[in-house]
Amino acid sequence: MSSDPDLEAAESAATAAASVDDRPVLLVLADSLSYYGPKGGLPADDPRIWPNLVAAELGWRTELVARIGWTSRDVWWALTQDPRVWASVPKAGAVVFGVCGMDSLPSPLPTALREQIRYVRPDALRRVVRDAYGWLQPRLAPLGWPLALPPSLTAEYLEKCRGALEQLRPELPVVATLPSVHACDAYGRVHSGRPATERAIRGWAGRTDVPLVDLAEAVGEHIRAGRGNPDGIHWGFEAHERVAEAMVTALRARCGLDGTGLDGTGLHSVDATGGIR
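Since the model is a prediction, treat every value here as computed from it, not as a measurement.

Glancing now at the environment of Val28. With respect to the helices, strands and loops of the structure, Val28 is situated in strand β1 (residues 25–30). Placed 70 residues apart in sequence, Val28 and Gly98 show a C-alpha to C-alpha distance of 6.7 Å. Residue contacts for Val28: discarding those within four places in its chain leaves Trp50, Pro51, Glu63, Leu64, Val65 and Val96.

Structure below.
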C-alpha cells in the first residue's frame, strides 16, 4: 500500500470508476474506416460507427484506438506503446484488428514522406510540399506499386500483434478484417494490391485460426453505388451497419455467445443520439 495520500486517493477513485462499468471491453485497433462517416471523422463514442454498434449488440463497451492512415504496423506500435491499450487488454472480451485497407493501397511515394509532411517548417514550405504530394500521388498511383505495406509485412505485423496478446491472455479472442474496396481519386481509383494483401492475411489467419470479416463483401456495393463518403474511401452509416452485422456474427462464433440480437431480431439501427430504431 502506498504511503502517498494523493496516490491512494487516485487509486481509490480509479477503482470506484472501474466498478461502475464491468462490462467486457471490445478493443478495436483500427484505421479511419472505423470512425469516419459520410461527412468526415466522428467522435469515438458516436453510436452509429461499427465498433459501437457491435459493442451495443453484445452488451459490451468499446475502446477504439484508431487513426487515419493506420496500417498493421501502426497497430503493433499502438499495442506496444499506447497505455490505453495496456489498460484495456485485461478487461477485453475480444480484440479486433480493423486495419489492412491502407496496407493494400498504392503508395508510389514513400509512406514515411507522407507522415513527415506535418513536421516540415516553415509553414509556407509545408504547404508547398503537401500540395506537391497531393498532385503526384493520384498521378503515380496507377503504377499500383509499391504498396503502403508489402503483404508479407502485413502478415508479419498481424502475427506479432496476435502473439503478443496470446502471451498476455492466451484465451483472448482475436478477429481481423480483410481490406475494403474504394473508388478514391486520391489513389487513382487503383487497388491492384488488394488481392496479394488478402492472400497474405488469409494465409496468416488460416495458420493461426483467426476469424476474418471481409469488409469488401460488406461494403462493396455501397461503395460502387456512390452512397458513401464523397472521398470514395469512407462509408455511410448503412455500410457501418453491414460491417457491424458481419463482425457480430464473427465475434459470437469466436466467443461462444448465443442469440441473434438484444431483442432476438438481429442488429439494431441506431440514430445519432444513440436511440434504437
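That was the structure; now back to the text.
This part is about the packing of helix α9 (residues 215–224) against helix α10 (residues 237–255). Running from N to C, α9 and α10 cross one another at 155 degrees; their axes reach a closest spacing of 9 Å. On the basis of their axis angle, the class for α9 and α10 is roughly antiparallel. The element α9 and its partner α10 pack so that their crossing is right-handed. Between α9, through Leu215, Ala218, Val219 and His222, and α10, the contact on the second element is made entirely by Glu238, Ala239, Arg242 and Val243.

Further remarks concern the pairing of strand β5 (residues 92–98). Most of β5 sits inside the fold, with seven of its seven residues counted as buried. Inspection of the sheet shows β1 paired to β5 by six bridges, in the parallel sense. Residue pairing in the sheet places Leu27 in a bridge with Val95 of β5. Both β5 and strand β6 (residues 174–178) contribute to a ladder of three bridges, which runs parallel. Bridge pairing in β6 links Phe97 to Ala176.

The next point concerns the confidence of the model for the protein chain. Mean pLDDT over the protein chain: 89, with 86% of residues reaching 70 or higher. Residue range residues 260–277 is modelled with pLDDT below 50. Its contacts to residues more than four positions away, or to other chains, number 40 contacts.

Turning our attention to the side chain of Ser32. Inspection of the secondary structure assignment puts Ser32 in the loop between β1 and β2 (36–37). According to the relative accessible area criterion, Ser32 is buried, its value standing at 6%. Here His234 takes part through its side chain, which lies 2.7 Å from a polar atom of the side chain of Ser32. Setting aside its immediate chain neighbours within four residues, Ser32 contacts Arg67, Ile68, Gly69 and His234.

Reading the values: rules and limits
Residues numbered from 1 in each chain as written. Predicted model: local features only at pLDDT ≥ 70, side-chain atom pairs only at ≥ 80, totals over all residues. Heavy atoms only, no water. Helix = DSSP H or I, 4+ residues; strand = E, 2+ residues; numbered from the N terminus. Contact = heavy atoms within 4.5 Å. Axes fitted to C-alpha atoms, helices over the stretch in contact; angles between N-to-C directions. Parallel < 35°, antiparallel > 145°, perpendicular 65-115°, else oblique. Left-handed = near helix turned anticlockwise from the far one by under 90°. Buried < 20%, exposed > 50% of the residue type's maximum accessible area, 1.4 Å probe, protein only. Pairing = 2+ DSSP bridges. pLDDT = per-residue confidence, 0-100. Polar contact = N/O pair within 3.5 Å; in protein donor to acceptor, adjacent residues only side chain to side chain.

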